[in-house]
Amino acid sequence: MTDTVSSILLKILKKHEIKNIFCLPAAQLAMVMDGASRDPYFNYITTRHEEAAGHMAHAIGKLTNSMGVCFGTVGPGATNMLPGVAAAWADNIPLLVLTPNNPSRTIDPGKDQLQQADHIALYKSITKWSATIRYADRAAELIERAIHIARSGRPGPVHLDIPVDIGVGAVEHILSSIPSIDIPRPVPDTAAMNQVVDLLVNASRPVLIAGGGVARSNGVDEFRELVDITGFAATATMNGRGIIPDDYKSYTGCGGILAGRGAVKALQEADVILSVGCKFSSWIPVNKPPLYPMIEGQKIIQVDIDNETLGRCVPLAMGLVADAREFLKLLNASLKEKNFKNDQKWLKDVLSTHKKYRKEINDIADQNTTKDTNILNEAAAARAISTLIPEDAIVVVDGGQTMEWGHSFFRATHPKNYLFAPGMGHLGFGLPFANAAKLLNPDRPVVLVTGDGAMCCTGQELETAARCGLNVITIVFNDSCWGMYRPFGEALFDNKEFGQTLTNVKFADLAKSYGCLGEEVTLESLPDAFNRALKANRPVVLDLHVDFTEHPMDFFWLGVVFENIQFSPVHP
Ligand SMILES: Cc1ncc(C[n+]2csc(CCOP(=O)(O)OP(=O)(O)O)c2C)c(N)n1
Ligand SMILES: [Mg+2]
């Protein structure tokens, strides 16, 4: 049959059950806009900034087994979308980013058309694959290929550039003549599995790490079963938060370094570490000298879907290419009848360190205010919120100190119930993530807790929320400051005006001006306000005045991210 490339695109998306499209109007993709907006199959949402479209598509990849689509206009739309796509790239989340382009004959080489930009060069380093559809009769093939690349191996964003003449061009096609690419997930061989079993059975101080790859491969139940079978000390990365519920007996805390001192001790003293779907990013306190040295004799087994990831950040005793879930199924079957020789006293020590760490952060929350002030501290604020969040809620955390304290107190019951973007740590993903979560889960509460700085990065998305009926509850930790930078200026440079101080934004007023509800709250008025927000039929912003609160794991960022670099004051 004869069809336009725009229509072929939408048909292929449908075939793959890709239904969430986020964009800001783009004349050159007007036919895609027309088609997507008319077809009730699609959740078609226009955002107030293209960055948010990228973040929303990223969240779809975290919340579903599918992927989102985002697009913006040629030039500025394409450049505005970059941060959203980059954050998904850093989290290994699949999405399809489309950029329209000027007419083919004017772009390569360019004729200085209005808004001309080299989209391929822009997206090359933050996508797995970036291509221009130059011929309408290859469109179906390239769209199929893009979707396959995004989802296979180590997942990630892919990019297609579509010149306007190609997008509107009609072409004869038979969609079924291009079958979808469906490759079985890789499984390790028996000899390799036996070696893993051997290492685990004979380990004295074993630790299990679940990464985002476990969530992505739907291996959460299998990882939990592994923890049940072995009883080994277990932690999950920031991308894997929620894989191990916090009431598990051998749970040492989750979220890389923010898991706290129990997980740090476990990882620093382990003789065998089994990591599944984890890339050993800077969040993981292993092999980060001088603070977290690589331990002599420590054997690390890394299981990942991507060969290139193996051994990139830590030296390995064993590297295995496998789908996380398939690997875990095989491993669990082999471990069921085994006796383990792990040192129970060491495990007890690790768990008691974790318990002490929990007491340490609870003690800070007990103080209620920060030292020498009567302003609410962020630990007390986060703990109070944690008691209000309903069991079935999806929680999103954004900001600096806000993020640290949020992660310290909010429960993560499943990776799909708890959203963060640890790879890029890009402030401002929070509200678009929360909007996407509510779009997919209109009947569940979605609670965003964000710093005031992060909130203003994408605060315009309150309008998207109000317009689209995405009744998210946002709680702003308002310290009128890029809080995480306060100790940087004050402690490192003895400089109180380092550029960290912000105006006290009236977030309740801001919310109202976007069509949401807004309230200024205190610790005392928070519970009632929160309960009202749960019942509201509009998005709600609660503005909570807090003070910067030092977190016990703060030193990690300076120690690890900057390694041995010494800063000293500049005296002009
Ligand atoms: C897009 C982006 N810009 C800058 C940073 C660096 N940064 C990390 S935390 C932080 C301060 C965040 O302030 P806020 O959101 O108010 O949270 P708070 O630390 O005050 O809780 C900054 C500027 C970043 N991570 N992302
Ligand atoms: Mg702040």
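Please refer to the structure higher up on the page.
Residues numbered from 1 in each chain as written. Chains lettered and ligands numbered in written order. Predicted model: local features only at pLDDT ≥ 70, side-chain atom pairs only at ≥ 80, totals over all residues. Heavy atoms only, no water.

A. Region of interest: the pattern of salt bridges. Taken as a whole and judged by the stated rule, the model has 25 salt bridges. The residue arginine 134 makes a salt bridge to aspartate 108 at a minimum N-O spacing of 3.2 Å. Here arginine 134 is found in the loop between strand E6 (129–132) and helix H7 (139–151), whereas its partner aspartate 108 is found in the loop between helix H5 (104–107) and helix H6 (119–124), with 26 residues between them in sequence. Overall, arginine 134 belongs to the partly exposed group, its relative accessible area being 44%. A salt bridge links glutamate 326 to lysine 329; the nearest nitrogen and oxygen atoms lie 3.6 Å apart. Of this pair, glutamate 326 and lysine 329 both sit in helix H13 (residues 324–335), 3 residues apart, roughly one helical turn. (Salt bridge = Lys/Arg side-chain N within 4 Å of Asp/Glu carboxyl O. Helix = DSSP H or I, 4+ residues; strand = E, 2+ residues; numbered from the N terminus. Buried < 20%, exposed > 50% of the residue type's maximum accessible area, 1.4 Å probe, protein only.)

B. Local environment of the pairing of E6. Of the two faces of E6, the one holding Trp129 and Ala131 and the one holding Ser130 and Thr132 are both buried throughout. Inspection of the sheet shows E6 paired to strand E7 (residues 157–163) by 4 bridges, in the parallel sense. Across the sheet, the residue bridging to alanine 131 is leucine 160, located in E7. (Pairing = 2+ DSSP bridges.)

C. Inspection of the side chain of glutamate 463 at higher detail. Turning to its location among the elements, glutamate 463 is positioned in helix H19 (residues 461–468). You can call glutamate 463 buried: its relative accessible area is 16%. There is a polar contact of 3.2 Å between the side chain of glutamate 463 and the side chain of arginine 48. With sequence-adjacent residues up to four places away left out, glutamate 463 is seen in contact with Arg48 and Tyr514. (Polar contact = N/O pair within 3.5 Å; in protein donor to acceptor, adjacent residues only side chain to side chain. Contact = heavy atoms within 4.5 Å.)

D. Structural context of the sheet that holds strand E15 (residues 418–419). In space, the 6 strands of this open sheet follow the order E15-E14-E16-E17-E19-E18, with parallel pairing throughout. Of all the strands in the sheet, the pair left with one neighbour each is E15 and strand E18 (517–521). Bridge count between strand E14 (residues 394–398) and strand E16 (residues 446–451): 5 bridges; the pairing is parallel. Within E16, the position partnered with valine 396 by the bridge is leucine 448.

E. Here's a closer look at the site of ligand 1. Around ligand 1, the structure places 18 residues, and the nearest of them are Thr402, Asp452, Gly453, Ala454 and Gly483. In this structure, leucine 427 approaches ligand 1 through a main-chain N or O atom, which is 3.2 Å from a nitrogen atom. Here glycine 453 contributes a backbone N or O atom positioned 2.8 Å from an oxygen atom of ligand 1. Protein chains bury 78% of the 590 Å² of accessible surface belonging to ligand 1 in isolation. Taken together, the elements giving at least two residues each to the shell around ligand 1 come down to helix H16 (401–409) and helix H18 (452–457). Ranked by the residues each element gives to the shell around ligand 1, the list is headed by H18, at 3 residues. Taken together, the residues of the shell around ligand 1 break down into 6 nonpolar, 9 polar and 3 charged. (Near = heavy atom within 4 Å. Areas by Shrake-Rupley, 256 points an atom, 1.4 Å probe, with all protein chains shown as cover. Nonpolar A, V, L, I, M, F, W, Y, C, P; charged D, E, K, R; others polar.)

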